[in-house]
Amino acid sequence: MQALYAQLLVGLINGSFYALLSLGLAVIFGMLNIINFAHGALYMMGAFCAYFLLNLGGIGYWWALLLAPIIVGIFGMVLERTMLQWLAGLDHLYGLLLTFGLALIIQGVFQNFFGSSGLPYAIPDQLRGGMNLGFMYLPVYRGWVVIFSLVVCLATWFLIERTRLGAYLRAATENPTLVRAFGINVPRMITLTYGLGVGLAALAGVLSAPINQVRPLMGENMIIVVFAVVVIGGMGSIMGSIITGFALGVIEGLTKYFYPEASNTVVFVLMVLVLLVKPTGLTGRAA
Amino acid sequence: MKSRFIASLLLGTALTVAAGSIASAGDKTVKIGALSDQSGLYSDLGGPGSTLAAQMAIEDSGLTAKGWKIDVISGDHQNKPDIGTSIARQWFDVEKVDVVVDVPNSGVALAVNNVVKEKNGVYINSGAATSDLTNAQCSPNTVHWTYDTYMLAHTTGQALVKAGGTSWFFLTADYAFGAALERDTTAVVTANGGKVIGGVKHPLNTSDFSSFLLQAQSSNAKVIGLANAGGDTTNSIKQAAEFGLTKGGQKLAALLLFLTDVKSIGLDIAQGLNFTETFYWDMNDQTRAFSERFAKRMKNGAPPTMVQAGVYAGLSHYFKALDALGENPHDGIKIVDKMKSMPTDDALFGKGEIQPNGRTIHTAYLFEVKKPAESKGPWDLYKLVGSVPGDQAFTPLDKSACALLKK
């Protein structure tokens with residue numbers, strides 16, 4: 001039984017990464033209607049950004065948590081301005097192909113310079129060590145990841161669903177022409193939204209840098225799982241993607257305990273089941 | 001104008017045909033295929049570095065000056081046996097490749113083994129670990145150069161059991177390699193009075209090991225055997241430190257650890273780990289000289305891993321055999337037999353021999369990862385703690401199930 005609690009907690013930790021990443025995807029899909037396949041590469045860039053800040057600029061983890069999402073977010077906005085904006089109104093397939101191509105290029109460039117085995121990034125001193133919870137030894141850093149990402153997820157949800165700015169955003173996706181008539185700069189808002197989604201990916205990257213290796217392909221495996229999360233949660237649903245992210249982390253954790261060989265595939269099995277029963281995802285509305 | 005063009009075309013064709021017929025008289029052309037994981041989790045320990053090692057072996061062989069024409073091409077098997085075999089088939093059928101080298105990933109390596117045998121090519125495997133290549137699935141066309149699971153189990157594994165690590169829990173990569181390494185290590189553990197109390201199989205290329213490590217932790221085994229490689233091993237070791245496994249008194253057995261892995265874990269966490277390799281760049285003047293030349297040509301300035309060194313040394317021995325034969329007979333078995341008949345001796349692995357089952361035996365070295373304070377440079381990572389002679393480290397011939405030995 002103790003082992004089970006431990007696995008549940010470990011599942012939550014992984015779930016926080018899924019939640020942060022799928023949240024970013026959901027924001028981008030909800031507002032821009034773009035299936036952002038470059039998300040994994042941007043997540044990886046966040047981790048590399050933290051690595052560079054530390055090794056080239058002497059800037060530690062805490063500042064990286066703030067700076068890396070901003071830097072990568074700006075990179076994302078440049079991508080949106082120069083490429084993605086031209087795809088507005090076209091079929092989803094174009095956005096998918098473009099972002100998939102971008103992901104391959106970004107990963108290829110990083111791999112060319114850094115190989116595949118990854119670079120070490122230390123856990124910040126304040127979060128070293130661990131505590132004994134009775135049923136398991138919880139590294140402090142992992143506990144921090146769960147709490148911090150929960151806060152970020154809820155804050156993003158609040159921003160989009162409960163504030164005036166969020167209301168503009170949602171209105172702009174429903175009817176951009178009308179929102180423009182009220183004097184709101186819709187294209188700029190869309191650029192900023194893409195920046196926000198990308199920033200969330202970069203933030204997840206910084207969070208994961210001390211746990212996983214900082215390596216060019218770190219986003220490649222992640223992104224496929226995260227897409228499954230988004231599909232299960234319902235494309236574009238903010239709360240849906242947060243809850244599904246955490247829930248799938250837990251389910252995957254339990255699978256690793258009961259039948260580890262299937263831990264790679266359980267998410268996809270669930271995805272198939274959900275699609276068969278409810279094609280719009282658990283919280284999605286019919287398009 | 002047009003007729004001139006056609007005439008020159010005809011002339012060109014005639015020349016090519018003539019050149020072709022001259023070549024076949026005493027054929028001195030060789031084509032090498034470096035098949036590896038070029039982009040995934042094993043690409044730093046083999047990958048482009050192995051292709052470079054092959055290139056350097058050609059340059060250092062001196063055969064070009066004797067009129068040989070030797071080319072190397074590379075392929076990415078993506079850790080998938082089906083892709084590996086189809087590349088190998090295409091290489092033999094279309095590209096007329098003579099020798100396939102490297103091929104890390106035991107699953108792919110065993111699949112390619114069959115193709116090379118069928119096409120009567122030469123197979124010099126350096127990257128794969130499974131001892132089956134020279135055991136139950138041995139082939140007259142295969143030389144397994146660098147290391148294997150039997151050797152890893154009988155060096156690192158044995159040393160740990162003798163040091164008191166009597167109960168084991170395995171974290172095993174769920175494919176041919178992990179299974180072979182777990183099997184060979186289990187045999188050593190039980191033969192030395194220890195026992196295996198549990199294990200978990202994880203998918204290849206896993207990024208999060210915390211669930212598996214918690215299971216290992218609660219098993220209370222004294223030793224946690226890592227029957228995995230590359231990125232899987234580095235992640236397991238890093239996360240084991242994070243979850244306090246080593247602080248709790250459990251010992252990690254990194255059964256297979258490469259230079260690039262240690263580099264990527266960082267000395268802080270990796271220090272004190274014991275493991276076995278057959279090559280390290282900083283062994284003697286010859287290995288240092290080679291590694292310096294190699295690192296200069298690597299994009300990230302990394303010295304060679306033992307897999308890349310094995311590609312170089314294996315090919316160098318292959319070239320010696322070709323030189324002795326005087327021409328390329330394009331007959332895999334004939335060349336491999338020649339290779340087996342000559343003792344191996346090269347700058348990187350020292351003296352050794354290729355046994356009838358295709359296993360190259362040479363000294364295996366036990367290393368310990370240095371403490372951060374002991375390291376004098378970015379790649380100064382190991383200190384030598386012992387060595388095991390080749391005939392004790394590798395499978396004794398009387399224990400090998402290879403059919404070639406029963407002739």
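Residues numbered from 1 in each chain as written. Chains lettered and ligands numbered in written order. Predicted model: local features only at pLDDT ≥ 70, side-chain atom pairs only at ≥ 80, totals over all residues.

Chain B carries the name ABC transporter substrate-binding protein in an unreviewed UniProt entry, which gives Bradyrhizobium aeschynomenes as its organism.

Per an unreviewed UniProt entry, chain A goes by Branched-chain amino acid ABC transporter permease and derives from Bradyrhizobium aeschynomenes. Its UniProt record, at the heading Subcellular location (unreviewed entry), says of chain A: "Cell membrane". UniProt, in the comment section headed Sequence similarities (unreviewed entry), describes chain A in these words: "Belongs to the binding-protein-dependent transport system permease family. LivHM subfamily." (UniProt positions renumbered as here; feature names shortened; annotations may be inferred.)

Peer 1: Can you help me understand the overall build of chain A in this one?
Peer 2: Helices and strands together make up the secondary structure of chain A, namely 11 helices and 2 strands. Going from the N terminus to the C terminus, chain A shows its helices and strands as α-α-α-α-β-β-α-α-α-α-α-α-α. Over its C-alpha atoms chain A spans a radius of gyration of 19 Å, differing by no more than 12% from the 19 Å that the globule rule assigns to 287 residues. When each of the 287 residues of chain A is scored for burial, the buried share is 50%. Sequence separation of 24 or more characterises 77% of the internal contacts of chain A that already satisfy a separation of 6 or more. (Helix = DSSP H or I, 4+ residues; strand = E, 2+ residues; numbered from the N terminus. Rg over C-alpha atoms; globule rule 2.2 N^0.38 Å. Buried ≥ 20, exposed ≤ 12 C-beta atoms within 10 Å, placed from the backbone. Contact = placed C-beta atoms within 7 Å.)

Peer 1: Would you explain the environment of T191(A) in this entry?
Peer 2: With respect to the helices, strands and loops of the structure, T191(A) is situated in helix 8 (residues 186-208). Aside from chain neighbours lying at most four places away, what touches T191(A) is M77(A), E80(A) and R81(A).

Peer 1: What exactly am I supposed to notice about the sheet that holds strand 14 (residues 364-369) of chain B here?
Peer 2: Neighbouring strands of a sheet are bound in pairs by backbone hydrogen bonds; such pairs are parallel or else antiparallel. Residue and element names in this part refer to chain B. Read from one edge to the other, the open sheet built from 3 strands follows the order 10-14-15, with strand pairing classed as antiparallel. Edge positions in the sheet fall to strand 10 (274-277) and strand 15 (382-388), since each of these pairs with one other strand and no more. Going across the sheet, the axis of each strand differs from the next one's by a mean of 35°, ignoring polarity. With 4 bridges connecting them, strand 10 and strand 14 associate as antiparallel partners. (Pairing = 2+ DSSP bridges. Axes fitted to C-alpha atoms, helices over the stretch in contact; angles between N-to-C directions.)

Peer 1: Explain the sheet that holds strand 4 (residues 122-125) of chain B here, please?
Peer 2: All names here are of chain B. Strand order in the open sheet made by the 5 strands is 2-1-3-4-5, with parallel pairing throughout. The outermost strands of the open sheet, each flanked by one partner alone, are strand 2 (69-76) and strand 5 (142-144). Going across the sheet, the axis of each strand differs from the next one's by a mean of 20°, ignoring polarity. The sheet contact formed by strand 4 and strand 5 spans 3 bridges and is parallel. Directly across from Y123, in strand 5, lies its bridge partner T142. The strands touched by helix 3 (residues 81-95) within the sheet are strand 1 (29-36), strand 2 and strand 3 (99-102), with strand 1 carrying the most contacts at an inclination of about 170°.

Peer 1: Can you help me understand the nonpolar core in this one?
Peer 2: What tends to happen in soluble globular proteins is that the nonpolar side chains get buried as a cluster. Judged by nonpolar contacts, the single largest core of 207 residues is most densely connected at A202(A), V100(B) and V112(B). Ranked by the residues each element gives to this core, the list is headed by helix 1 (residues 2-32) of chain A, at 18 residues. Among residues more than four places away in sequence, those in contact with V100(B) are G33(B), L35(B), A88(B), W91(B), V112(B), V116(B), G121(B) and Y123(B). (Core = buried A, V, L, I, M, F, W, Y, C linked by C-beta atoms within 7 Å.)

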